[in-house]
Amino acid sequence: MEAIQRKLRFRSMLATGAASLLFAVPALAAPAGAGPPERLDGAEQTTSHSDRRDAIKLVGKARLKVLLWSVYDSRLYTPSGAYNDGDRPLRLELQYLRDIAAADLVDRTLVEWQAMGRDHPRQQEWLASLGRLWPDITAADVLTLDLDSNGIATFHHNGRELGAIDDPDFGQEFVDIWLSRDCTRPELRLALTGKEVQS
């Protein structure tokens, strides 16, 4: 009888240990491609470009959502912490919340320009340059545009310089996607430029 009871206790211990392992596994590994939490906190996050950075301050921030999906968090910086149309230099940061292929980013840039009625003669040349510069994006990556006082646009990916487009017309047309009065998402523009806090 005692031998039977010991055998039952041993089986019970094995079952309990197996169950503990099963419940522990999800805590050890997050799903591939999992993004950051669905929130914007009050911290002013910047990407470190020590060789290029002037003293810059956060102007505003906004989250782009398409239907139920959050796409990216955007942040605008200027030396004064304020923005008026045409101000330079500036920094625009996009922290992505989803995996996105570089080709899709380039396509979306064209879609936005077309929706705004933009048809610059060098537009296709710019898109080809973006296709060469931009990498595929993984959730939590930060893509940064630094637009200097001469209109030169320099891109960084997670702090690493990707390259520059030395055409002031490109710099203007690109930031217009977020900052122009005729952009496709005026509520995003208001939040980015500090005119209205996004709810």
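Up top is the structure.
Asks: So what about helix 3 (residues 123–133)? Which residues, and what values?
Replies: The set of residues buried in helix 3 consists of Q123, W126, L127, S129, L130 and L133. Angularly, the buried residues of helix 3 cover 160 degrees about the axis, an arc narrow enough to put them on a single face. In this structure, helix 3 carries Q124 and R132 as exposed residues pointing more than 90 degrees from its buried face. Buried residues belonging to helix 3 abut helix 2 (102–115), strand 5 (153–157), strand 6 (160–165) and helix 4 (168–179).

Asks: Lay out unusual backbone geometry with the relevant residues and their values.
Replies: Here the residue pair R88 and P89 is connected by a cis peptide bond, since its omega of -5 degrees sits within 30 degrees of zero. Mapped onto the elements of the fold, P89 is located in the loop between strand 2 (69–78) and strand 3 (90–96). Residue L67 is not a glycine yet carries a positive backbone phi of 55 degrees. Summarising the element assignment, L67 is placed in the loop between strand 1 (57–66) and strand 2.

Asks: Account for the nonpolar core, naming residues and giving values.
Replies: W134, F155, F170, F174 and W178 are the most contacted members of the largest nonpolar core, which totals 38 residues. At six residues, the largest contribution of residues to this core is made by helix 4. With near-sequence residues (within four places) excluded, F155 lies in contact with L130, L133, W134, T144, L145, R160, E161, L162, G163, I165, F170 and F174.

Asks: Explain the layout of surface pockets to me, using residue names and the numbers behind them.
Replies: What the largest pocket holds in volume is close to 510 Å³. Looking at the lining of the largest pocket, the elements that each hand over two or more residues are strand 1, strand 2, strand 3, helix 2, strand 4 (142–147) and helix 4. In terms of residue count, the dominant contributor to the lining of the largest pocket is helix 2 (five residues).

Asks: So what's going on with the sheet that holds strand 3? Residues and values would help.
Replies: An order of 1-2-3-4-5-6 is seen for the six strands of this open sheet, with the pairing classed as antiparallel. If you trace the sheet from one side to the other, it starts and ends with strand 1 and strand 6, each paired once. Ignoring strand direction, the axes of neighbouring strands in this sheet form an average angle of 20 degrees. Here six bridges tie strand 3 to strand 4, and the two strands are oriented antiparallel to one another. Following the sheet pairing, L90 is matched in strand 4 by L147.

Asks: Run through the pattern of salt bridges, naming residues and quoting values.
Replies: Any two side chains of opposite charge can pair, given that their charged atoms come close. One pass over the structure, following the stated rule, counts twelve salt bridges. Residues R181 and D85 are paired through a salt bridge, measuring 3.1 Å at the closest nitrogen-oxygen approach. A residue pair is termed long-range when its members are at least 10 positions apart, and R181 in the loop between helix 4 and helix 5 (186–192) and D85 in the loop between strand 2 and strand 3 qualify at 96 residues. Since its relative accessible area comes to 46%, D85 is described here as partly exposed. Where R118 meets D176, a salt bridge forms, and the shortest distance between an N and an O atom there is 2.8 Å. Placement of the pair is R118 in the loop between helix 2 and helix 3 and D176 in helix 4, with a sequence separation of 58 residues. In terms of burial, R118 and D176 fall into one category: buried. Here the salt bridges share partners, and the residues they tie into one network are R118, E173, D176 and D182.

Asks: Any chance you could break down the pairing of strand 5 for me, citing the residues and the numbers?
Replies: The side chains of a regular strand alternate between the sheet's two faces. Counting buried residues along strand 5, five of its five residues qualify, which places the element largely inside the surrounding structure. Burial of the side chains of strand 5 extends over both faces: A153, F155 and H157 are buried on one face and T154 and H156 on the other. Relative to strand 5, strand 4 is paired through five bridges, and the arrangement is antiparallel. Of the residues in strand 5, the one forming a bridge with D146 is T154. Between the end of strand 4 and the start of strand 5, which pair antiparallel, lie five residues, with G151 showing a positive phi angle near 85 degrees. With five bridges joining them, strand 5 and strand 6 adopt antiparallel strand pairing. From the neighbouring strand, A153 faces strand 6, where its bridge partner is I165. Taking the residues between adjacent antiparallel strands as the criterion, strand 5 and strand 6 are bridged by two residues, where N158 takes a positive phi near 50 degrees.

The rules we used
- Residues numbered from 1 in each chain as written.
- Predicted model: local features only at pLDDT ≥ 70, side-chain atom pairs only at ≥ 80, totals over all residues.
- Heavy atoms only, no water.
- Buried < 20%, exposed > 50% of the residue type's maximum accessible area, 1.4 Å probe, protein only.
- Helix = DSSP H or I, 4+ residues; strand = E, 2+ residues; numbered from the N terminus.
- Arc of directions from axis to C-beta.
- Contact = heavy atoms within 4.5 Å.
- Core = buried A, V, L, I, M, F, W, Y, C linked by side-chain atoms within 4.5 Å.
- 1 Å grid on protein atoms, 1.4 Å probe; cavity = no way out; pocket = protein on both sides within 12 Å on 5 of 7 lines; lining within 4 Å.
- Points joined across faces, edges and corners; volume = space filled by probe spheres on them.
- Pairing = 2+ DSSP bridges.
- Axes fitted to C-alpha atoms, helices over the stretch in contact; angles between N-to-C directions.
- Salt bridge = Lys/Arg side-chain N within 4 Å of Asp/Glu carboxyl O.

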